[in-house]
Amino acid sequence: MNNKMAISHPDANMLIIAESLVGIIERLTITQIFEENIQPEILANEIVHLLLDGLLVKT
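Here the structure is a predicted model, which means the values were calculated and not measured.

Asker: Honestly, helix H1 (residues 14–33) in this entry has me stumped. Any pointers?
Answerer: Turn by turn, an α-helix covers 3.6 residues, leaving residues three or four places apart pointing in a common direction. Under the 1.5 Å per step criterion, the end-to-end length of H1 is 27 Å for 20 residues, consistent within 8% with the ideal 28 Å. Between the side-chain oxygen of the N-cap and the backbone nitrogen of leucine 15 there are 2.9 Å, and the N-cap of H1 in question is asparagine 13.

Asker: It is not clear to me how a nonpolar patch on the surface should be interpreted in this structure. Could you clarify?
Answerer: Residues Leu21, Val48, Leu50, Leu51 and Leu52 make up a contiguous nonpolar surface patch of about 420 Å² in total accessible area. With four residues, helix H2 (residues 40–53) is the largest single contributor of residues to the nonpolar patch. For leucine 21, the location among the structural elements is in helix H1.

What counts and what doesn't
Residues numbered from 1 in each chain as written. Predicted model: local features only at pLDDT ≥ 70, side-chain atom pairs only at ≥ 80, totals over all residues. Heavy atoms only, no water. Helix = DSSP H or I, 4+ residues; strand = E, 2+ residues; numbered from the N terminus. Expected span 1.5 Å × (residues − 1). Polar contact = N/O pair within 3.5 Å; in protein donor to acceptor, adjacent residues only side chain to side chain. Patch = residues over 30% accessible without salt bridge, like charges linked within 9 Å, V, L, I, M, F, W, Y side chains within 5 Å. Areas by Shrake-Rupley, 256 points an atom, 1.4 Å probe, with all protein chains shown as cover. Salt bridge = Lys/Arg side-chain N within 4 Å of Asp/Glu carboxyl O.

Honestly, it's all geometry; don't read function into it.
Structure, rendered in structure tokens:
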């Protein structure tokens, strides 16, 4: 059996993906940390969960 895992769709534009990830982090840093709404460690955990686990609830 040949199991392969991919991080992204083979047709995905990696430049767009990379810029999107940076944009998410920049935007949340400005709106959440600099305005003192959330601690950096908590925000980092939230971003990791969002990006690695996604928004879907697994059942």
